[in-house]
Amino acid sequence: MSNSAEGSKQFYVATANLLNFANPNRTYYENAPAYDNEAYEHKLRGLTGLLAKAHADIIAVQEVWDSDALEALAVSLGFKPEQTVIPLASNDSTNTYTKGLGAQNTPAVGIISRFEQLETSLLEDIAPKAIIDVPDIGPYQRFNRPPLVLRVDAYGQPITVITAHLKSKRAFFLRDENGNLLEDMDDPNIRVRAKLRSLCMRAAEAASIRMSIIERLHHTREPLILLGDMNDVTGSVTTQLMTETGEVNYDKSMRDVALFDAARIQARYGWMKDVAYTHIYQGMPEVIDQLFVSEEFLPDSKFSLGHVERVDYFNDHLKWDYDDRVTDHGIIRAKIKLND
């Protein structure tokens, strides 16, 4: 364990979008070239270099196509292959989701953890009360990229970790069964309607995740961490739909089920605020890769089990030329200390 030398119960947790990390010589998108062996090794080395600096004990990942690739990355970071969890990108032929073929049609989310795994599940179906009709499509009933729930034992303390990759803000245009466009992408009114579809999808996903979180946190004292690529900023409607942080201002009892932005509650808050961004969208830096914690990691809570000591952003590579980047997202990492 990376913190054993210090003798205190602390750990690092991080999230990273790996930008279509796949096995070599396999097609993941029809319009994207497969990695040859050289390109794969370059990406593996690059991701290893970025993530090694984080020294994380728990790493949530997004945009992974193959478990073999993720296991290779985990091993290069000092983990064991079995410490990776990514059922929807499995290369195991006995896996009922993938039949060993890895992720299909869209990449998957996963978690690498040094801690013992106590429970694993996927959020596949949108909660009934979160289902909404998407314009011109109908009820949105299943996650496009199901969030992964992993419950771990950290120094004797069970912690639930949920990683998600919500629908992007990219306009969702209608297509036929063969992928051919059914709409005029140059029509500004259609473009707005296509973006509305994406927003509806992301909102339904956020609401469904929120309902799962409420069910897990209500009247319990077991901490929860939500992290991943939320595809919108911290203060957005969809992100706040998942966390309901602001509700605490009006109802203190909401602390029981609310989530809190780790960057805002860190003990050293403010020292990194000028360099806090994880993605550059249409030329503007923003934080869309996020990390939230439950009340048990608030130092002023009577139910506190620890606190967020600091949050770091690893984003220097986003300043490089695009061809030199192995991912187009920064890494956010939190250092959490459990009470002795």
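Refer to the structure above for everything that follows.
Everything quoted here is computed from the prediction, not taken from an experiment.

### Looking at the nonpolar core
- One finds Phe 11, Val 13, Leu 18, Leu 73, Ile 225 and Leu 291 to be the most contacted residues of the largest nonpolar core, which totals 64 residues.
- For this core, the element with the most residues is strand E1 (residues 10-21), which contributes 7 residues.
- With near-sequence residues (within four places) excluded, Ile 225 lies in contact with Phe 11, Val 13, Ile 159, Thr 160, Val 161, Ile 162, Leu 291, Phe 292, Val 293, Phe 297 and Ile 336.
- Formed by 31 residues, the second largest nonpolar core is a distinct cluster that contains Met 201, Ile 209, Met 242 and Phe 292.

### Describing empty space enclosed by the protein
- One pass over the full model with this rule turns up 1 cavity of 30 Å³ or more.
- When its volume is computed, the largest cavity comes out at roughly 40 Å³.
- Those elements that place two or more of their residues in the lining of the largest cavity are E1 and helix H1 (37-52).
- Its residues assigned to classes, the lining of the largest cavity comprises 6 nonpolar, 4 polar and no charged.

### Details of the pattern of salt bridges
- Taken as a whole and assessed by the stated rule, the structure comprises 21 salt bridges.
- In this structure, the salt-bridge partner of Asp 256 is Arg 221, at a minimum N-O distance of 3.3 Å. Of this pair, Asp 256 sits in the loop between helix H4 (237-243) and strand E11 (259-261) while Arg 221 sits in the loop between helix H3 (188-217) and strand E10 (224-229), and the two are 35 residues apart along the sequence.
- On the basis of relative accessibility, which here comes to 12%, the residue Asp 256 falls in the buried class.
- Exposure remark for Arg 221: the relative accessible area of 32% places this residue in the partly exposed category.
- A salt bridge links Asp 261 to Arg 264, with the shortest nitrogen-to-oxygen separation between them at 3.8 Å.
- The network of salt bridges with common partners includes Asp 136, Glu 183, Arg 193 and Arg 197.

### Structural notes on the side chain of Thr 327
- With respect to the element layout, Thr 327 can be found in the loop between strand E15 (306-314) and strand E16 (331-338).
- We classify Thr 327 as buried; its relative accessible area is 3%.
- A distance of 2.4 Å separates the side chain of Thr 327 from the backbone oxygen of Asn 17, its partner in a polar contact.

The rules behind each value
Numbers given to residues run from 1 along each chain, matching the order in which its sequence is written. The model is predicted, so local features are restricted to residues of pLDDT at least 70 and side-chain atom pairs to those at 80 or more, both for listing and for counting; the totals for chains, interfaces and linings are taken over all residues. In computing side-chain values, all of the structure's heavy atoms are included and hydrogens and water are not. Joining through side-chain atoms within 4.5 Å is the link that ties buried Ala, Val, Leu, Ile, Met, Phe, Trp, Tyr and Cys residues into a set, and such a set is a nonpolar core. Three exposure classes are used, based on accessible area relative to the maximum for each residue type with a 1.4 Å probe and protein chains only: buried under 20%, partly exposed in between, and exposed over 50%. Only DSSP runs of H or I with at least four residues qualify as helices, and only runs of E with at least two residues qualify as strands; both kinds are numbered from the N terminus onward. By definition in these notes, contact holds between two residues if any of their heavy atoms fall within 4.5 Å. Here a cavity means grid points, on a 1 Å grid over the protein atoms only, where a 1.4 Å probe fits yet cannot get out; a pocket means an open set of points with protein on both sides within 12 Å along at least five of seven lines; lining residues are those with an atom within 4 Å of a point. Grid points are joined across faces, edges and corners, and a volume is the space filled by probe spheres set on the points. Under the grouping applied here, Gly and all other residues not named as nonpolar or charged are polar, the nonpolar ones being Ala, Val, Leu, Ile, Met, Phe, Trp, Tyr, Cys and Pro and the charged ones Asp, Glu, Lys and Arg. Whenever a carboxyl oxygen of Asp or Glu lies within 4 Å of a side-chain nitrogen of Lys or Arg, that contact is scored as a salt bridge. Whenever a nitrogen or oxygen atom comes within 3.5 Å of another N or O atom, the pair is scored as a polar contact, on the condition that within protein one atom can donate a hydrogen and the other can accept it, and that pairs from neighbouring residues in sequence are kept only if both atoms are in side chains.

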